[in-house]
Amino acid sequence: QVQLVESGGGLVQAGGSLRLSCAASGRTFSSYHMGWFRQAPGKEREFVASVSWSGGNSYHADSVKGRFTISRDNAKNTMYLQMNRLKPEDTAVYYCAATLYYRDYARTSNDYNYWGPGTQVTVSV
């Protein structure tokens, strides 16, 4: 098993940047492929980005491509989401998740077995 905790959320003005972190407990972090999802009020949870266990493969949703970058540091048991040029529509609770399988870049919630509690990101106009 792996336990996940997100951090780095907050309030930022449109056009600004934030870096989210997802810290994982346990010795097997490098066994897991990882993903970021987000959920805005009244909306379904949506895929943001995913990264393979080694960091060698990654995928970003069209809505964030070119602005967000997913990465991981297996030595630190941590995954990151660098978010630049933030927009008000990026406002959501952001969740990190872990899976043992990386089928089709693991772009759906059902692909993941472990989830963090989430961190709020609010982008003001």
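Residues numbered from 1 in each chain as written. Predicted model: local features only at pLDDT ≥ 70, side-chain atom pairs only at ≥ 80, totals over all residues. Heavy atoms only, no water.

### Concerning the pattern of salt bridges
Put simply, the rule is: By convention in these notes, a salt bridge is any Lys or Arg side-chain nitrogen within 4 Å of a carboxyl oxygen on Asp or Glu. Working definition: helices are DSSP H or I runs of at least four residues, strands are E runs of at least two. Numbering for both runs from the N terminus. Residue burial is assigned from relative accessible area. The probe radius is 1.4 Å, only protein chains are included, and a residue is buried under 20% of its type maximum, exposed over 50%, and partly exposed in between.
Tallied over the full model, the rule gives five salt bridges. One salt bridge in this structure joins Asp 90 and Arg 38, with 2.9 Å as the shortest N-O distance. Placement of Asp 90 in the loop between strand S8 (78-83) and strand S9 (92-99) and of Arg 38 in strand S4 (residues 33-39) is noted, with a sequence separation of 52 residues between them. Arg 38 sits in the buried class, given a relative accessible area of 6%. The salt bridge partner of Asp 104 is Arg 107, with a shortest N-O separation of 2.8 Å. The partly exposed category is assigned to Arg 107, whose relative accessible area is 30%. When salt bridges with common partners are traced through the structure, they connect Arg 38, Glu 46, Arg 67 and Asp 90 into a single cluster.

### As for the sheet that holds strand S1 (residues 3-7)
Short version of the rule: Here, strands pair whenever DSSP counts at least two bridges between them. Every axis corresponds to a line fitted to the C-alpha atoms, with the helix fit spanning only the stretch in contact, and the corresponding angles, defined between N-to-C directions, vary from 0 to 180 degrees.
Across the sheet, four strands lie side by side as S1-S3-S8-S7; this open sheet has antiparallel pairing. Strands with a single pairing partner mark the edges of an open sheet, and in this sheet they are S1 and strand S7 (68-73). Across this sheet, the average inter-strand angle for adjacent strands is 15°, counted without regard to direction. Taken together, the six bridges between S7 and S8 define a ladder with antiparallel strand orientation. In the strand pairing of S8, Asp 73 is matched with Thr 78.

### Remarks on the nonpolar core
Quick note on the threshold: Side-chain atoms within 4.5 Å are what join buried Ala, Val, Leu, Ile, Met, Phe, Trp, Tyr and Cys residues into a set we call a nonpolar core. Whether two residues are in contact is decided by their heavy atoms: any pair within 4.5 Å suffices.
By size, the foremost hydrophobic cluster in this structure holds 35 residues, and its most contacted members are Met 34, Trp 36, Met 79, Leu 81, Met 83 and Tyr 94. Those elements that place two or more of their residues in this core are strand S3 (18-25), S4, strand S5 (46-51), S7, S8, S9 and strand S11 (119-124). When residues in this core are grouped by element, the largest group, five residues, is from S9. Apart from the residues lying within four places of it in its own chain, the contact partners of Tyr 94 are Glu 6, Leu 20, Phe 37, Arg 38, Val 48, Phe 68, Leu 81, Met 83, Gly 118, Thr 119 and Val 121.

### Here we look at unusual backbone geometry
Although it is not a glycine, Arg 85 sits at a positive phi angle of roughly 50°. By the secondary structure assignment, Arg 85 is in the loop between S8 and S9. Positioned with a positive phi, Ala 106 is a non-glycine residue whose angle comes to about 50°. Take Ala 106: it is sitting in the loop between S9 and strand S10 (114-115).

Treat this as a map of the structure, not an account of what it does.
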